[in-house]
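Close look at the chain arrangement
Chain by chain, the residues:
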Amino acid sequence: MPMFGNVNAAAAALRNWVLNLDKELAGTGVHAAHVAINVWIGDGAPEGIPTATPEQIAPVYWDLHEQRDRAEIIFNA
């Protein structure tokens, strides 16, 4: 979506930073992870855009916290 074009560069930089941070912290007991949310959160999405509620997304974060087995996950509707 063109209206999100300016966010893409920042999101890519954040993702790269977190993935490298996770590698650097390996073995220290500290876990860093990136969650890419590929939906509109809440109401008011443009027509045809998938949506999710915070309650639907929250378990992704909890799973990452408990499992600590990956540095990235993509949430799709």
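With respect to the overall build of the chain
Counting its regular elements, the chain contains two helices and four strands. Reading the secondary structure of the chain in the N-to-C direction produces α-β-β-β-α-β. The dimensions of the chain, computed from C-alpha atoms along their principal axes, are 45 × 25 × 10 Å. Per-residue burial for the chain yields a buried fraction of 19% across its 77 residues. Residue pairs at least 24 apart in sequence account for 53% of intrachain contacts in the chain once pairs closer than 6 positions are excluded.

Some thoughts on helix α1 (residues 5-25)
Its 21 residues place the ends of α1 31 Å apart at the C-alpha level, agreeing with the 30 Å of an ideal helix rising 1.5 Å per residue. Inspection of α1 places V18, L19, D22 and L25 among the buried residues, and these make up the whole buried set. Mapping the buried residues of α1 onto a view down its axis gives an arc of 135 degrees, with all of them on the same face. Turned more than 90 degrees away from the buried face of α1, the exposed residues are N6, A9, W17, K23 and E24. Looking at the buried residues of α1, the elements they touch are β1 (34-37) and β4 (72-75). A positive backbone phi angle near 85 degrees is found at G27, which sits one or two residues after α1.

Observations regarding the environment of A52
Examined against the element boundaries, A52 turns out to sit in strand β3 (residues 51-52). When its relative accessible area of 4% is taken as the criterion, A52 is described as buried. Distance in space between the C-alpha atoms of A52 and N76 is 8.7 Å, their sequence separation being 24 residues. Residues within four places of A52 in sequence aside, it is in contact with V39, W40, I41, G42, I57 and F75.

Topic: a nonpolar patch on the surface
Taken together, the side chains of M3, F4 and V7 make up a nonpolar region of the molecular surface, amounting to roughly 260 Å² of accessible area. Assignment of secondary structure puts M3 in the segment before α1. For M3, a relative accessible area of 48% corresponds to the partly exposed category.

Rules of the game
- Residues numbered from 1 in each chain as written.
- Predicted model: local features only at pLDDT ≥ 70, side-chain atom pairs only at ≥ 80, totals over all residues.
- Heavy atoms only, no water.
- Helix = DSSP H or I, 4+ residues; strand = E, 2+ residues; numbered from the N terminus.
- Buried < 20%, exposed > 50% of the residue type's maximum accessible area, 1.4 Å probe, protein only.
- Contact = heavy atoms within 4.5 Å.
- Expected span 1.5 Å × (residues − 1).
- Arc of directions from axis to C-beta.
- Patch = residues over 30% accessible without salt bridge, like charges linked within 9 Å, V, L, I, M, F, W, Y side chains within 5 Å.
- Areas by Shrake-Rupley, 256 points an atom, 1.4 Å probe, with all protein chains shown as cover.
- Salt bridge = Lys/Arg side-chain N within 4 Å of Asp/Glu carboxyl O.

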